[in-house]
Amino acid sequence: MSRATLSRRGFISASLIAGGGLLFDLAVPIAKAADGTPVIINAFIRILPDNRVIIGAKNAEIGQGAKTMLPMLIAEELDVDWAQVSIEQTHADAKIFGGQSAGGSRTTPREWLPMRQAGAAARAMLVAAAAAQWGVAAEMLTTGSGKVTDPKTGKSIPYATLAGAAAKLPAPDPATLKLKDPANFHIIGQSVGGVDTPAIVAGRPLFGIDVKLPGMLHAVLETCPAFGGTFKSANLDAVRALPGIAHVLTIKGDGTPESGYDGVAILAKSWWTANQARETLKVEWDDSAVTGFSTQGHAAQAATRAKGKADGNIVRTGDVDGAFASADKVVTADYSYPFLAHATLEPQNCTALFKDGAIEIWAPTQNPESGRGLVAQALGLPPEKIRINFSRIGGGFGRRLMNDYMVQAARIAAQVPGVPVKLLFTRADDMGRDFYRPAGWHGFRAALNKDGALTAFHDHFITFGKDGKPVRSAELSPGELPAGLIDHVLFEQSFLSTNMPTGWLRAPGSNALAFVYQAFMDEIAAAAGKDLPTLMLELLSKTAQVSQGANRPPFVTARARGVIEKALAMGDWANRTALPKGQGKGFAFYYSHAGYFAEVVEVAVADGVPKVRTVWVAGDVGGHIINPINALHQVQGSVIEGLGQALAGQAITQVAGAIEQANFDTHPLQRIPDTPTIHVEFVKTDYPPTGLGEPALPPVIPALINAIHAATGKRIRSLPVTAEMLV
């Protein structure tokens, strides 16, 4: 199954595998349909005898709405009423369902056509079955509300009656499918409540943390506080002797955070018993190679590196040195941001059952096939011996793209064959064993000519790397704006070493880069005697498209201008100077994950404490908002999370190779009383829809920082914002 389309061969293969090789046995004749056996039309669709339709949701549900949105696409083209539809989560199997990862706001653009094709193909098969039964041309028939109708005679027949015959027909070539005219959509574009919402409100078990299996043991895992430390010895027998302890096991990692470090697992019939026994556990670790890393040390190294020559260039265009030499004015500033944890409300967990040379896993994973590969390597199993069941995810934000918890649970379960094992991190485990958003330092210079135009831009970016390459999520794109909009640009980078695992945090890279770039651009605008929107619109007027590299859509300046103009109108930008003293509005624009977002933030600052009053958000994610209520919630959630990163006090600090933060008291989340009014509007353009999980987050942080400057005159150049910065 490709990213863009569903091939004919892939569709037929999916249909056969989905029935477990029994597609034709399950495609029961019409006369037997009343026995309650569902008819499987393809890998995603089952039609019940009462004409209800079960649609499989193939991607993990993290709260981003995929479990509801993907079936909406199928149901639209299948031409059934939403009231007829029930949704079931599929298991993880790329051979059947194609890619099932959830991250990077890729689900919508990747599945927009394939899921519609799945529904349209099933509809075509049902129409063909009706045409054969009535002896008429399929083109003469229409569909709606789960029925096929002959307009000429007025006869109609429900899908359930046709399903058995339709399932025996060959799947149509996707190239021949006629998808609906968007003018005829009756599900896409309508607000649909989340399929799991009633169960969540009622407190019914849905999440990985809720998994219960007969005879299950609960596991806690102790690892070295300093990342990369290895096991030397422990008082294992003393822990084994404690009441209620079933097993105490050593786990050998491979030295990589993805596959899990060395550890000691304690198993008991209750998690509480296992975790209490952990207090008795005394482990000696060999951490001599990793205790030299610290936040203080990183900052000192970065300050030294900033004064020297960079390790290398990311991009150099034009005559940067000449442009700065001839500049009428040069603006400089240093910006930085800290490591951040994902801090998911549901800590990492996984349940595994190893039996008869195979393993079954229940996991809240965003990236199941990566987990399958890691488990296969760790246990020496062929991938087909690993079954992965999705559970709903209680917060991911990119953390569950990494499957260390799955590997750890599998390693433990393999030592107690036939017994289900549920591994659950404590909050301290979760905070101290994350894959962190990496910290970074930026030394900026900008050149202005006598007309106040930006002519050159330079960033010396200091972050973390290994073997001359940035660590995961520490990349800086050569297309980062204003690159591509001006002639003379130099992005260069230098690397520090770290033992901390790094990973993708919601809006990877962008969540940090938007802050430093758009806040510094606000400084450039002020130096030029302009406001930031004016500067951005001037830059965006010069180029139609900016390349973002291979396999990525180009940046379209007209789309950027559209959301900027919309946000300015929404936020009454023209009258911003009328606000009372101590209040201000800030603006920022950012392009992230193929989404164009501009935001205006209004803030009031009193006694060094900023209070965000209102946020206005304008976004362009293409021509269709599939589920408007969910789209609204995604944007609101992004804004709240971004504000929390800036204002709540979030920062991960390290001493002697280990993390200092252990809970939400030292890495706090944004609270309800601090949540502003958030207005959201979408600018629809003639482009395919893109994802919404991430692109609304990045611009809110620099818009906030720029608003604080408007209210106080103070420039914030490092995060998180503290009262000391504002007094």
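Here, every reference points to the structure presented above.
The structure displayed is predicted, hence computed values, not measured ones.

Reading the values: the criteria
- Numbering of residues begins from 1 in every chain and follows the order in which that chain's sequence is written.
- For this predicted model, a pLDDT threshold of at least 70 governs which residues receive local features, and a threshold of 80 or more governs which side-chain atom pairs are given and counted, while totals over whole chains, interfaces and linings are taken from all residues.
- Remark: hydrogens and water are excluded; side-chain values derive from all non-hydrogen atoms of the structure.
- Summary of the burial criterion: residues with accessible area below 20% of their type's maximum are buried, those above 50% are exposed, and those between are partly exposed, where the area comes from a 1.4 Å probe applied to protein chains only.
- Counting from the N terminus, the helices are the DSSP runs of H or I reaching at least four residues and the strands are the DSSP runs of E reaching at least two.
- For two strands to count as paired, DSSP must find a minimum of two bridges between them.
- For helices, the fitted line uses only the C-alpha atoms of the stretch in contact; every axis is such a line through C-alpha atoms, and the angle between N-to-C directions lies from 0 to 180 degrees.
- Contacts: residue pairs with any heavy atoms within 4.5 Å of one another.
- Note on ring pairs: Phe, Tyr and Trp rings are taken, using the six-membered ring of Trp, and paired if centres are within 6.5 Å. Classes follow the plane angle, with under 30 degrees stacked, over 60 edge-to-face and the rest tilted.
- Two conditions define a charge located above a ring, namely a distance within 6 Å from the ring centre to NZ of Lys or CZ of Arg, and an angle within 35 degrees of the ring normal.
- We define a salt bridge as a contact between a side-chain nitrogen of Lys or Arg and a carboxyl oxygen of Asp or Glu at a distance within 4 Å.
- Polar contacts here mean pairs of N or O atoms no more than 3.5 Å apart (in protein, one a potential hydrogen donor and the other a potential acceptor; neighbouring residues in sequence count only if both atoms are side-chain atoms).
- Crossing handedness is read from the near helix: turned anticlockwise from the far helix by less than a right angle, it gives a left-handed crossing, and turned clockwise, a right-handed one.
- Residue classes follow a fixed rule: Ala, Val, Leu, Ile, Met, Phe, Trp, Tyr, Cys and Pro count as nonpolar, while Asp, Glu, Lys and Arg count as charged, and any other residue, Gly among them, counts as polar.

Asker: So what exactly am I meant to see when it comes to helix 6 (residues 159–167) here?
Answerer: Helical geometry: 3.6 residues make up each α-helical turn, so side chains three or four residues apart lie on a common side. Here helix 6 lies mainly inside the structure; 7 of its 9 residues are buried. If you check which residues of helix 6 are buried, you get Tyr159, Ala160, Leu162, Ala163, Gly164, Ala166 and Ala167.

Asker: So what exactly am I meant to see when it comes to the sheet that holds strand 11 (residues 263–268) here?
Answerer: The strands making up a sheet associate through backbone hydrogen bonding, with each pair oriented either parallel or antiparallel. Taking strand neighbours across the sheet as the criterion, the 7 strands line up as 10-11-8-18-15-16-17 in an open arrangement whose pairing is mixed. The sheet terminates laterally at strand 10 (245–251) and strand 17 (386–390), the two strands that pair on one side only. Ignoring which end each strand starts from, the neighbouring axes of this sheet average 25 degrees apart. Of the pairings in the sheet, the one linking strand 10 to strand 11 comprises 6 bridges and is antiparallel in character. Across the sheet, the residue bridging to threonine 250 is valine 264, located in strand 11. Its contacts with the sheet put helix 12 (residues 368–379) on strand 15 (349–355), strand 16 (358–363) and strand 17, and the angle it makes with strand 17 is roughly 145 degrees.

Asker: For this particular structure, what's the right way to read the environment of methionine 725?
Answerer: Structurally, the position occupied by methionine 725 is in the segment after helix 19 (700–712). Among residues more than four places away in sequence, those in contact with methionine 725 are Lys714, Ile716, Ser718 and Pro720.

Asker: I keep staring at the packing of aromatic side chains and nothing clicks. Help me out?
Answerer: The description of two aromatic rings rests on the distance between their centres and on the angle between their planes. Here the structure, examined in full by the defined rule, presents 21 aromatic pairs. A ring pair is formed by phenylalanine 44 and phenylalanine 97, whose centres lie 5.8 Å apart and whose planes are at 55 degrees; its orientation type is tilted. Here phenylalanine 44 is found in the loop between strand 1 (39–42) and strand 2 (45–47), whereas its partner phenylalanine 97 is found in helix 4 (residues 94–97), with 53 residues between them in sequence. Taking the centre distance of 4.8 Å and the plane angle of 10 degrees together, the rings of phenylalanine 444 and phenylalanine 520 count as stacked. With a gap of 76 residues between them, phenylalanine 444 in strand 19 (residues 440–448) and phenylalanine 520 in helix 15 (residues 510–527) connect regions that are remote in the sequence. Overall, the relative accessible area of 2% leaves phenylalanine 444 in the buried class. Here a set of aromatic residues connected by ring pairs shows up, and it is made of Tyr335, Phe444, Phe457, Phe491, Phe515, Tyr517 and Phe520. Geometry around tryptophan 112 places arginine 116 over its ring, the cationic atom sitting 4.7 Å from the centre. Sitting over the face of the ring of tryptophan 504, arginine 472 holds its NZ or CZ atom 5.3 Å from the ring centroid.

Asker: Before we go on, may I ask you to explain the sheet that holds strand 4 (residues 85–89) in this structure?
Answerer: Pairing is mixed in the open sheet, where 4 strands are placed in the order 1-2-3-4. Two strands close off the open sheet at either side, each with one partner strand: strand 1 and strand 4. Sheet twist, expressed as the mean angle between neighbouring strand axes with direction ignored, is 25 degrees. Pairing analysis gives 3 bridges linking strand 2 to strand 3 (residues 53–57), with the strands arranged antiparallel. Bridge pairing in strand 3 places isoleucine 45 opposite isoleucine 55. Where helix 3 (residues 66–78) meets the sheet, it contacts strand 2, strand 3 and strand 4, and its direction lies at approximately 135 degrees from that of strand 3. Its contacts with the sheet place helix 6 against strand 1 and strand 2, and it is angled at close to 65 degrees to strand 1.

Asker: Honestly, the environment of glycine 398 in this entry has me stumped. Any pointers?
Answerer: Considering the arrangement of structural elements, one finds glycine 398 in the loop between strand 17 and helix 13 (404–414). The exposure class assigned to glycine 398 is buried, which follows from its relative accessible area of 7%. When the C-alpha positions of glycine 398 and threonine 365 are compared, they lie 9.8 Å apart, and in sequence the two are 33 residues distant.

Asker: Explain the pattern of salt bridges to me, please; I cannot follow it from the model alone.
Answerer: Pairs can form between side chains of opposite charge whenever their charged atoms are close. Applying the stated criterion across every chain, the model contains 33 salt bridges. The residue lysine 58 makes a salt bridge to glutamate 111 at a minimum N-O spacing of 2.8 Å. Of the two residues, lysine 58 is situated in the loop between strand 3 and helix 3 and glutamate 111 in helix 5 (residues 107–134); the sequence distance between them amounts to 53 residues. Neither lysine 58 nor glutamate 111 differs from the other in exposure class; each is buried. A salt bridge links arginine 392 to aspartate 196, with the shortest nitrogen-to-oxygen separation between them at 2.9 Å. You can see arginine 392 sitting in the loop between strand 17 and helix 13 and its partner aspartate 196 sitting in the loop between helix 6 and helix 7 (197–202), a full 196 residues away along the chain. Overall, the relative accessible area of 6% leaves aspartate 196 in the buried class. Each member of the salt-bridge network shares a partner with another, and the members are Glu222, Arg278, Asp429 and Arg433.

Asker: Could you clarify how one ought to interpret the pairing of strand 22 (residues 488–496) in this entry?
Answerer: For a regular strand, side chains alternate in direction, first toward one face of the sheet and then toward the other. The buried count for strand 22 comes to 8 of 9 residues, which makes it a mostly enclosed element. Relative to strand 22, strand 13 (residues 312–317) runs antiparallel, the two being bridged by 5 bridges. Note on strand 22: the bridge partner recorded for valine 315 is phenylalanine 491.

Asker: Looking at this model, I keep getting lost on the side chain of glutamate 523. Mind explaining?
Answerer: Checked against the element boundaries, glutamate 523 lands in helix 15. For glutamate 523, the side chain forms a polar contact with the side chain of arginine 717, separated by 2.9 Å. Beyond its immediate chain neighbours, meaning those up to four positions away, glutamate 523 contacts Ala333, Tyr335, Arg715 and Arg717.

Asker: Help me understand the packing of helix 3 against helix 5 in this model?
Answerer: Any two packed helices are characterised by the angle at which their axes cross and by the distance between the axes. The interhelical angle for the contact between helix 3 and helix 5, taken along N-to-C directions, is 35 degrees, at an axis separation of 7 Å. Once helix 3 is placed against helix 5, the crossing between them reads as right-handed. Facing helix 3, whose interface residues are Ala66, Met69, Leu70, Leu73, Ile74, Glu77 and Leu78, helix 5 presents Thr107, Thr108, Glu111, Trp112, Met115, Arg116, Gly119, Ala120, Ala122, Arg123 and Leu126. Of the residues assigned to the contact of helix 3 with helix 5, the class counts are 11 nonpolar, 3 polar and 4 charged.

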